[in-house]
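Chain residues, written in single-letter form:
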Amino acid sequence: ATPRSTARQLVREALERYGLAPEEGDFVLCDVVGRAGGPAGAWQAEHLRPVGDAERPLVLQDVWKPKAGCSRRFEIRRRHEVERLCEGEDTETAGGPRPASPRSPGGASRVPIVTSG
């Protein structure tokens, strides 16, 4: 991956690396901010934002840093799950940052690919 790589390219590369061949558009890259401290010290997501297919995540990572004590990671999630999550949260947050889902979808619907602190 390079700073010129788009979110769509990164998703395709990651899915190919794991031997998955879903339909184009089934998955979306998500910018997830959180912190360590969940059960057994696990990383706990606090906010999630789907990254646009044409956005450049490595540039985003350089120009926007999470607040002190938090870190960012990019996750690949199933697009329909993210859309459902965002629809439900839009009515609650009214334009503010979207909280991450308290439940974690299973299977290949979530694949962390990049972490920064």
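Residues numbered from 1 in each chain as written. Predicted model: local features only at pLDDT ≥ 70, side-chain atom pairs only at ≥ 80, totals over all residues. Heavy atoms only, no water.

1. Remarks on the nonpolar core
- One finds Ala-7, Leu-10, Val-11, Ala-14, Leu-15, Phe-27, Leu-29, Val-51, Leu-60, Phe-74 and Ile-76 forming the largest nonpolar core, which totals 11 residues.
- Going through the elements one at a time, helix 1 (7-17), strand 1 (27-36) and strand 3 (71-78) are the ones with two or more residues in this core.
- The element contributing the most residues to this core is helix 1, with five residues.
- Residues contacting Leu-15, with those up to four places away along its chain left out, are Leu-20, Pro-22, Phe-27 and Ile-76.
- One finds Val-32, Ala-45, Leu-85 and Cys-86 within the second-largest nonpolar core, a separate group that totals eight residues. (Core = buried A, V, L, I, M, F, W, Y, C linked by side-chain atoms within 4.5 Å. Buried < 20%, exposed > 50% of the residue type's maximum accessible area, 1.4 Å probe, protein only. Helix = DSSP H or I, 4+ residues; strand = E, 2+ residues; numbered from the N terminus. Contact = heavy atoms within 4.5 Å.)

2. Comments concerning the pattern of salt bridges
- Counted under the stated rule, the structure contains seven salt bridges.
- A salt bridge links Asp-53 to Arg-8; the nearest nitrogen and oxygen atoms lie 3.1 Å apart. With a gap of 45 residues between them, Asp-53 in the loop between strand 2 (43-50) and helix 2 (57-63) and Arg-8 in helix 1 connect regions that are remote in the sequence.
- For Asp-53, a relative accessible area of 27% puts it in the partly exposed group.
- Note on Arg-8: relative accessible area 41%, which makes it partly exposed.
- The shortest N-O distance in the salt bridge between Glu-75 and Arg-73 comes to 2.8 Å. (Salt bridge = Lys/Arg side-chain N within 4 Å of Asp/Glu carboxyl O.)

3. Points about the pairing of strand 1
- Of all 10 residues that make up strand 1, eight are buried, and the element is covered over most of its length.
- Examined bridge by bridge, strand 1 and strand 3 share eight bridges and lie antiparallel to one another. Bridge pairing links Cys-30 to Glu-75 in strand 3.
- Bridging between strand 1 and strand 2 involves seven bridges; their strand directions are antiparallel. Bridged to Cys-30 within strand 2 is Pro-50.
- The turn linking strand 1 back onto strand 2 is made up of six residues, and Gly-37 within it adopts a positive phi angle of 135°. (Pairing = 2+ DSSP bridges.)

Scope: geometric values only; no functional claims are made or implied.
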